[in-house]
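Examination of the molecular architecture
Single-letter residue listing:
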Amino acid sequence: MATARQIAFVDGVRTPFGRAGEKGMYWNTRADDLAVKATQGLLERNPELPLDRIDDVGIAATTQQGDQGLTLGRTVGILAGLPQSVPGFALDRMCAGAMTTTTLLTSAIGAGHIDVALAGGVEHMGRHPMGFDADPNPRFLAEKIVSPDSLNMGITAERLHDRFPHLTKQRADEFAMRSQHKVEAAYGRGDIQADLVPVAIRSAQGWGLATEDEGRRPETNLESLAGLKTPFRPHGRVTAGNASPLTDGATMSLLAGADTAKELGLNVKMTLVNYAFAGVAPEVMGLGPVPATEKALKRAGLTIDDIGLFELNEAFAVQVLSFTDHFDIADDDPRINPWGGAIAVGHPLASSGVRLMIQLARQFEQRPDVRYGITAMCVGLGQGGSIIWENPHYNGKKGK
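Positions within a chain are numbered from 1, following the residues in the order the chain's sequence is written. Note on the predicted model: pLDDT of at least 70 is required for a residue's local features to be given, and 80 or more for side-chain atom pairs to be given and counted; whole-chain, interface and lining totals, by contrast, use all residues. For side-chain calculations, the full set of non-hydrogen atoms in the structure is used, while hydrogens and water are omitted.

Helix numbers and strand numbers start at the N terminus; a helix is a DSSP run of H or I with at least 4 residues, a strand a run of E with at least 2. Here, expected helix span is obtained from the residue count minus one, scaled by 1.5 Å. Along its 14 residues, helix α3 (residues 97-110) runs 20 Å from first to last C-alpha, staying within 8% of the 20 Å computed at 1.5 Å per residue. In terms of burial, α3 is largely enclosed, as 12 of its 14 residues are buried. Any residue under 20% of the maximum accessible area for its type is buried, any over 50% is exposed, and the rest in between are partly exposed; the area is computed with a 1.4 Å probe on protein chains only. By the burial criterion, the buried members of α3 are Gly97, Ala98, Met99, Thr100, Thr101, Thr102, Thr103, Leu105, Thr106, Ala108, Ile109 and Gly110. Among the residues trailing α3, Gly112 stands out with phi positive, at a value near 85 degrees.

By nonpolar core we mean a set of buried residues, namely Ala, Val, Leu, Ile, Met, Phe, Trp, Tyr and Cys, connected to one another through side-chain atoms within 4.5 Å. By size, the foremost hydrophobic cluster in this structure holds 40 residues, and its most contacted members are Phe310, Phe316 and Ile388. Elements that contribute at least two residues to this core include exactly α5 (153-163), α6 (169-189), α9 (289-300), β10 (307-312), α10 (317-326) and β11 (372-379). With five residues, α10 is the single largest residue contributor to this core. Residue contacts are counted whenever heavy atoms from the two residues lie within 4.5 Å of one another. Beyond its immediate stretch of four places on either side in the chain, Phe310 contacts Ile304, Phe323, Ile329, Arg335, Ile336, Asn337, Pro338 and Ile374.

Another point: the pairing of β11. Burial analysis of β11 places eight of its eight residues in the buried class, the great majority of the element. Strands pair, by our definition, only if DSSP identifies at least two bridges between them. For β10 and β11, the ladder comprises five bridges, and the chain directions are parallel. The residue bridging Glu311 from the neighbouring strand is Thr375, located in β11. Two elements, β11 and strand β12 (residues 383-390), share eight bridges in a ladder whose sense is antiparallel. Residue pairing for β12: Ile374 is matched across the bridge by Ile388. Counting the residues in the hairpin turn of β11 and β12 gives three residues, including Leu381, whose phi is positive at 70 degrees.

Counting buried residues in α10 gives eight out of 10 residues, a clear majority hidden from the surface. When we look at burial in α10, the residues that qualify are Ala317, Val318, Gln319, Val320, Leu321, Ser322, Phe323 and Thr324. In this structure, the buried residues of α10 make contact with α5, α6, α9, β10, α11 (342-345) and β11. Two residues or fewer after α10 comes Asp328, characterised by a positive phi angle close to 60 degrees.

A separate point is the pattern of salt bridges. Within this document, salt bridges are pairs made up of a side-chain nitrogen of Lys or Arg and a carboxyl oxygen of Asp or Glu, the two lying within 4 Å of each other. This structure, assessed with the given rule, holds 25 salt bridges. Notably, a salt bridge pairs Asp195 with Arg45, separated by 3.0 Å at the nearest N-O pair. With Asp195 in the loop between α6 and β6 (199-203) and Arg45 in helix α1 (residues 31-45), this residue pair connects regions lying 150 residues apart in the sequence. Residue Arg45 is classed as partly exposed on the basis of its relative accessible area of 31%. The salt bridge involving Arg53 is made with Glu263; its shortest N-O contact spans 3.0 Å. Of this pair, Arg53 sits in the loop between α1 and β3 (56-60) while Glu263 is found in helix α8 (residues 258-264), placing the two residues 210 residues apart along the sequence. Here Arg53 falls in the partly exposed class, since its relative accessible area comes to 23%.

Okay, here's the thing in structure tokens:
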């Protein structure tokens, strides 16, 4: 009979994230090749892992077509050099795709059904824009099940400003500026580069190497943000400056039972405590992480005050502020995205969940005073996901 056991996040890597579109560095790079590169980079960092011990590979993508289709977990596994005995699957939960491949596979590990798995995501938004060729059921609109514009994420962010007028554009711009500056400071310390897998890229100028996230704007200031257009509504509050850009990139993580990790000599960067997903009205999808986090905390027997670090996906600044405001956390609380987030580095939809985990795991190494951390994100069509992690380096001493 399967028995519950401790679940380890052993390691995680990602490609540098690139701007989507013809001017982006991955315009001539296939989506599946980005996922292959992330997978190979992860395996190279963990040579102790016998490849035939991998029980499953889950790779998420929001728009599963073309070079981003064909059951990515299986095809990428074969292309990355895994034994043909290793199975794989693809999954879609929009922005929380990689978060869901992670929770699905950790659940299987915790139940004792498998021992080792790879979980990640890829999104090439330049080749495959969100919702491209989708055919929403006409009942959505004909029966007024959802608002006609609830599939426009920017408009859902504007609705958060409507619902919470104290979450002003000024506050959103200030949060966005801090994100840009924190990412640049993290780059200056070498914190982010440690988990990036270089990718060969081709352009009209020839071959090159992608080694850093392409969309960063460290020069961002409040004056420049204040003058940006509001594309989703005349005189609105959501701009290109306080929202995540369209992005290409891939992530991959190595998960295992803690007992299996010990057996194989694999270091453990985090252990899973609990997780939850929740639904909200699609029109205000950015609120999703709030009930998801409340559910996860209740299941874990913890409170928000027990959490020492938060990695929140910055789909929109106001979306993060709606989370922190609900839990009475200050906009500039140092526990929130200490190395910045998606407003600066980008949000390649289904891959972003594992990026949050990679950053939290690296922060845990530097912060033995922190016991628990959360990775959380909103999801299109009105969902949210939240995972609570424990720091294996925790020493019980007060620190920063």
